[in-house]
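# An overview of the molecular structure
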Amino acid sequence: MRSDPHARPGRTTTPATAAEPLPWHSRRLTAAAGAVTAVVLAAGATLLSAAGPANAATSLGSLAAAQGGRYFGTALTQSNLSNSALTAVANAQFNMVTPGNEMKWDTTEPSNGSYNFGPGDQIVSYAQAHGMKVRGHNLVWQSQLPSWVSSLPSTQVQAAMEAHITTEVTHYKGEVYSWDVVNEPFNGDGSYVSDAFYNAMGVGYIADALRTAHAADPNAKLYLNDYNIEGENAKSNAMYSLAQSLLSQGVPLNGIGFESHFILGQVPSDMQANMQRFASLGLDVAVTELDDRITLPATSANLQQQATDFANVVKDCLGVTRCVGVSQWGVGDADSWVPGTFSGQGAATMFDQNYQPKPAYTAVVNALGGTSVTPPPTTPPSSAPPSSAPPSSAPPTSGAAGTCSVSDVVSAWNTGLTEQITVKNTGTSTINGWKLTFTLASGQTITNAWNATISPSSGSVSAANLSYNGTIAPGATTSFGFQANHTGNTAAPTNFALNGASCTSG
Ligand code: G2I
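Presented here is an overview of the structure given in this document. Computed from a prediction, not measured in an experiment: that's the story for all the values here.

Reading the values: rules and limits
Residues numbered from 1 in each chain as written. Predicted model: local features only at pLDDT ≥ 70, side-chain atom pairs only at ≥ 80, totals over all residues. Heavy atoms only, no water. Near = heavy atom within 4 Å. Polar contact = N/O pair within 3.5 Å; in protein donor to acceptor, adjacent residues only side chain to side chain. Areas by Shrake-Rupley, 256 points an atom, 1.4 Å probe, with all protein chains shown as cover. Nonpolar A, V, L, I, M, F, W, Y, C, P; charged D, E, K, R; others polar. Pairing = 2+ DSSP bridges. Helix = DSSP H or I, 4+ residues; strand = E, 2+ residues; numbered from the N terminus. Disulfide = S-S within 2.5 Å. Buried < 20%, exposed > 50% of the residue type's maximum accessible area, 1.4 Å probe, protein only. Core = buried A, V, L, I, M, F, W, Y, C linked by side-chain atoms within 4.5 Å. Contact = heavy atoms within 4.5 Å. Expected span 1.5 Å × (residues − 1). Arc of directions from axis to C-beta. Axes fitted to C-alpha atoms, helices over the stretch in contact; angles between N-to-C directions. Parallel < 35°, antiparallel > 145°, perpendicular 65-115°, else oblique. Left-handed = near helix turned anticlockwise from the far one by under 90°. Salt bridge = Lys/Arg side-chain N within 4 Å of Asp/Glu carboxyl O.

Turning our attention to the site of the ligand. Neighbouring residues of the ligand: 14 residues in total, closest K104, H137, E184, E289 and W329. Here an oxygen atom of the ligand sits 2.6 Å away from a polar atom, N or O, in the side chain of K104. In the model, an oxygen atom of the ligand is placed 2.7 Å from a nitrogen or oxygen of the H137 side chain. When the ligand is considered free in solution it has 620 Å² of accessible area, and contact with the protein chains removes 62% of it. Residue composition of the shell around the ligand, grouped by class: 4 nonpolar, 6 polar and 4 charged.

Quick look at the structure:
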């Protein structure tokens, strides 16, 4: 692979200073009104405690989905799947997966005509089991290309490329949302990389690759993907000219991937405008491999700048109607390619070495529709019913036994967890105003909640409805959730009772 992928001119940004607003860990997050279907988060997060670093509870994927059906993704490798701390965050946060290496040519066709889809299949199965879609990455690239391809006589390269594309795209037909059909075709000056494909076929290899992929899976979105094309420069101009040319020839090109491997403080200020010019051609655009590398050790000012950078990228995407989503390259700093490639640099993702959210995570949540509110409240919002007693409007029958069932889903990582609780009214009367009491496992302390006001933060707690979700019709459900710190016990709560009556589980 190339030794220096990703230096670029920077966005004009003001370095973070001591005059910045309150640090991220003392802010309260309130999710904006989102999609009604979003289970993890719909509206109205209420903070109980401002303490602790893990108070930014929400799902990036759900927030992105509420922003016009966008996604928020991550790269995952095969070895990532056995790291439970990593997968807890991946499952809780992301709804799109890009295989980090498992669909590349050196894995999928290590020798001519001999295919190996096992590693890629594992990623696809994992994604499907967790409700995530898959970006196929990638079909044609000069890197991670087995030597048998570059050793072929040039007269045989086209057939090898077409066979590879047809076989791989057919294998994953219907299972991937999109393909990076050609990856990183340009040099920094906008000239074409002189790889086996270009040398054998000239620039026509790109159209041929796209047509071959389209024939194998007409429903997959077909992308060209590259780095250092996020701002307007010689390389992005070359990509733009190529896209125009391909579209004018009727070549099946659906989108452009902007890898977005940034250097701290150097997100181009014209990124949105640059993505928009591609979108205006009728193409989708996506941020495909976002990270933002810092010279180590990272200072708190660095992390604040990184938060600004990440938020700017997300806002740039949201500003372009055809920007379909954002993917980070790796779940956390421990999984990033950066330290292994750029000596002395790292801390490039939204989650630290222990998968705790960094300021960039909170900034992205906010950019996706959350708001920061300070200071945290000392009393429940006036719109919520009092937490000390059932609301007076609750009918007496709602206290009868057997009128509720409760299901819950826990996603835990090393020191934190999120819990999603769904309450069903199994009775015959409408519930108007509810309070669900339950017992938290020992060592768990709630730091943040959504769709309910919860107090106290540990032990026996009460979750009360907010102004908009107090009514549960017979047979209907309502959901709320919280994030908590734990000291090792990640068990689900027990002793659920709704308005004083025990609930069954289910
Ligand atoms: O370089 C960062 C990314 C730039 N855009 C295209 C992406 O596909 C690329 O991903 C990285 C992977 O994250 C690395 O994991 O691509 C690298 C190779 O170009 C990957 O590194 C390779 C190592 O170089 C190999 O030594 C190693 O055998 O990963 C291989 C599998 O672990």
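There is more to say after this.
Here strand β17 (residues 435–439) pairs with strand β23 (residues 494–498) via 3 bridges, running antiparallel. Counterpart to T439 in the pairing with β23 is T494. Taken together, the 2 bridges between β23 and strand β24 (residues 501–502) define a ladder with antiparallel strand orientation. Along β24, the bridge assignment pairs L498 with A501.

For the rest of this paragraph, the subject is the state of the cysteines. A complete count under the given rule lists 2 disulfides for this structure. One disulfide bridge connects C317 with C323, the sulfur atoms lying 2.0 Å from each other. The disulfide joining C317 to C323 has a torsion of about -100° about its S-S bond and is therefore left-handed. Exposure class is identical for C317 and C323. Each is buried.

Once that is clear, we can look at the nonpolar core. Of all hydrophobic cores here, the largest spans 90 residues; its most connected members are F72, W179, F197, L224, I256 and M350. At 7 residues, the largest contribution of residues to this core is made by helix α8 (residues 204–216). Residues within four places of I256 in sequence aside, it is in contact with Y223, L224, I229, M239, A243, F278, L283, D284, V285 and A286. One finds I446, I454, A463 and F480 within the second-largest nonpolar core, a separate group that totals 22 residues.

Take the pairing of strand β20 (residues 460–464) next. The element β20 is largely enclosed, with a buried count of 4 among its 5 residues. Here β17 pairs with β20 via 5 bridges, running antiparallel. Pairing of L436 across the sheet is with A463, part of β20. In terms of strand pairing, strand β19 (residues 453–455) meets β20 through 3 bridges, oriented antiparallel. Looking at the pairing, S455 lines up with S462 of β20. Connecting the antiparallel pair β19 and β20 is a turn made up of 4 residues, with G459 showing a positive phi of about 75°.

Let us look at helix α6 (residues 157–171). Helix length check: α6 (15 residues) gives 21 Å between terminal C-alpha atoms against 21 Å at 1.5 Å per residue, within 8%. Among all positions of α6, only V157, A160, M161, H164, I165, E168 and V169 are buried. The buried residues of α6 all sit within an arc of 140° when viewed along its axis, so they share a single face. On its buried face, α6 sits against α3 (105–108), β5 (133–140), α5 (147–150), β6 (178–183), α7 (196–201) and α8.

Our next topic: the sheet that holds β24. Read across the open sheet, the 5 strands follow the order β19-β20-β17-β23-β24; overall the sheet is antiparallel. Two strands close off the open sheet at either side, each with one partner strand: β19 and β24.

With that settled, the discussion passes to the environment of G100. Mapped onto the secondary structure, G100 falls in the loop between β4 (96–99) and α3. Considered as a pair, G100 and G330 are 230 residues apart in the sequence and their alpha carbons are 7.8 Å apart. Once residues lying within four places of it in the same chain are set aside, the contact partners of G100 are A75, L76, T77, H137 and W329.

Across the interface, helix α9 (residues 234–248) lies against helix α10 (residues 271–279) with an axial gap of 10 Å and an inter-helix angle of 15°. In terms of orientation, α9 and α10 fall into the roughly parallel class. α9 and α10 meet at a crossing whose hand is right-handed. In this structure, α9 contributes S236, N237, M239 and Y240 to the contact, and α10 contributes N274, R277 and F278.

Below, the discussion takes up the pattern of salt bridges. Counting across every chain of the model gives 4 salt bridges. As a salt-bridge pair, D226 and K235 come within 3.2 Å of each other at their nearest N and O atoms. As far as the burial class goes, D226 and K235 line up, both buried. Among the ionic pairs, K358 bridges to D333, the shortest N-O distance being 2.9 Å. Placement of the pair is K358 in the loop between β12 (345–346) and α13 (359–367) and D333 in the loop between β11 (323–328) and α12 (338–341), with a sequence separation of 25 residues. For K358, a relative accessible area of 5% gives the class buried. Given the relative accessible area of 6%, D333 is considered buried.

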